[in-house]
Amino acid sequence: MAKYIIKKATLEELDLVAQLFDQYRVFYEQASDFENGRRFIQARMKNNQSVIFLALEQDNIPLGFVQLYPSFSSVSMKKLWILNDLFMDPSARNRGIAKKLMETAKNFAIETGAKGIILETAVTNHQAKSLYESIRYKKDVHSDHYELTLD
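Rules of the game
- Residues numbered from 1 in each chain as written.
- Predicted model: local features only at pLDDT ≥ 70, side-chain atom pairs only at ≥ 80, totals over all residues.
- Heavy atoms only, no water.
- Helix = DSSP H or I, 4+ residues; strand = E, 2+ residues; numbered from the N terminus.
- Axes fitted to C-alpha atoms, helices over the stretch in contact; angles between N-to-C directions.
- Parallel < 35°, antiparallel > 145°, perpendicular 65-115°, else oblique.
- Left-handed = near helix turned anticlockwise from the far one by under 90°.
- Contact = heavy atoms within 4.5 Å.
- Buried < 20%, exposed > 50% of the residue type's maximum accessible area, 1.4 Å probe, protein only.
- Lys, Arg positive; Asp, Glu negative; His and termini not counted.
- Salt bridge = Lys/Arg side-chain N within 4 Å of Asp/Glu carboxyl O.
- Polar contact = N/O pair within 3.5 Å; in protein donor to acceptor, adjacent residues only side chain to side chain.
- Expected span 1.5 Å × (residues − 1).
- Arc of directions from axis to C-beta.
- Core = buried A, V, L, I, M, F, W, Y, C linked by side-chain atoms within 4.5 Å.
- Pairing = 2+ DSSP bridges.

Undergrad: Explain unusual backbone geometry to me, and be specific about the residues and the numbers.
TA: Phi at Asn-48 is positive, roughly 50 degrees, even though this residue is not glycine. Mapped onto the elements of the fold, Asn-48 is located in the loop between α2 (34–46) and β2 (51–57). Non-glycine residue Asn-94 carries a positive phi angle of around 65 degrees.

Structure, rendered in structure tokens:
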């Protein structure tokens, strides 16, 4: 099995993240749009609006990424991280890399003094739900989630 590393992505890895980001959006039934996706990720990085951890195989082959957005809990008066994106290239699935990315996100949340990490996933995304539950994420049964779509 090939070795891999996990690192906090910088603008140097922008194109690698953008490749995975495009695949991620296609997974969620969006049209492929590498250039706009690249600009979106670049803006998040340049403006320090998200933190991205990237899994890379030898020779800088992108395997997967996790993207966290900052938020806050008014009740606890602490930082909160929203895990908005987790994606693995199909060739990298079932190798434990997604679990390592999630562990890296957890350690980052601890280092930043956060209250925790929240996420949501599609009801039908059984593989992701299995991963989250295996690493002690709990399904929120106390709150209903609502959304207002403006586009």
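Undergrad: Provide a residue-level description of the packing of helix α3 (residues 97–111) against helix α4 (residues 126–134), including the pertinent values.
TA: Closest axis-to-axis distance for the α3/α4 pair is 11 Å, and the angle between their directions is 50 degrees. One way to sum up the angle between α3 and α4 is to call them oblique. With respect to the hand of their crossing, α3 and α4 are arranged in right-handed fashion. Here Ala-98, Lys-99 and Met-102 of α3 come into contact with α4, specifically with Leu-131, Tyr-132 and Ser-134.

Undergrad: Help me get a handle on the side chain of Asp-85, residues and values and all.
TA: Secondary-structure assignment places Asp-85 in strand β4 (residues 78–88). One buried charged side chain, Asp-85, makes no salt bridge at all; its nearest oppositely charged neighbour is Arg-25, positioned 8.7 Å away. Among the polar contacts made by the side chain of Asp-85, one reaches the side chain of Gln-67 at a distance of 2.5 Å. Of the polar contacts made by the side chain of Asp-85, one reaches the side chain of Asn-84; its length is 3.1 Å. In this view, Asp-85 contacts Phe-21, Tyr-24, Phe-65, Val-66, Gln-67 and Tyr-69; residues no more than four positions away in its chain are not counted.

Undergrad: So what's going on with α3? Residues and values would help.
TA: The terminal C-alpha atoms of α3 lie 21 Å apart, and with 15 residues this matches the ideal 21 Å at 1.5 Å per residue to within 8%. Here α3 has its buried residues at Ile-97, Ala-98, Leu-101, Met-102, Ala-105, Phe-108 and Ala-109. One face of α3 carries all of its buried residues, which in axial projection span an arc of 145 degrees. Seen from the buried face of α3, the exposed residues on the opposite side, beyond 90 degrees, are Ile-110 and Glu-111. Here the buried face of α3 lies against β1 (4–8), β2, β3 (61–73), β4, β5 (117–119) and α4. Where α3 ends, the next residue or the one after it, Gly-113, has phi of about 70 degrees, a positive value.

Undergrad: I'd love a proper account of the nonpolar core, names of residues and values included.
TA: Nonpolar side chains in soluble globular proteins generally cluster together in the buried interior. Grouped together as the largest cluster of nonpolar side chains are 23 residues, with contacts concentrated most on Phe-53, Leu-68, Trp-81, Leu-83, Leu-86 and Leu-101. Broken down by secondary-structure element, the contributors of at least two residues to this core are β2, β3, β4, α3 and α4. In terms of residue count, α3 provides more of this core than any other element does, 7 residues in total. For Leu-68, the residues in contact, after removing those within four places along its chain, are Ser-50, Val-51, Phe-53, Trp-81, Ile-82, Leu-83, Ala-105 and Phe-108. Listed in part, the 14 residues of the second largest apolar core include Val-17, Phe-21, Tyr-24 and Ile-41.

Undergrad: Can you lay out the pairing of β2 for me, pointing to particular residues and giving the numbers?
TA: Across the 7 residues of β2, 7 count as buried, placing the element largely inside the fold. Neither face of β2 is exposed, since Val-51, Phe-53, Ala-55 and Glu-57 on one face and Ile-52, Leu-54 and Leu-56 on the opposite face are all buried. As paired elements, β1 and β2 share 5 bridges and run antiparallel to each other. For Lys-8, the partnering residue across the bridge sits in β2 and is Phe-53. In this sheet, β3 lies alongside β2 in antiparallel orientation, the contact comprising 7 bridges. Residue pairing in the sheet places Ile-52 in a bridge with Gln-67 of β3. Between β2 and β3, which pair antiparallel one after the other, the connecting turn spans 3 residues, and Asp-59 there sits at a positive phi close to 65 degrees.

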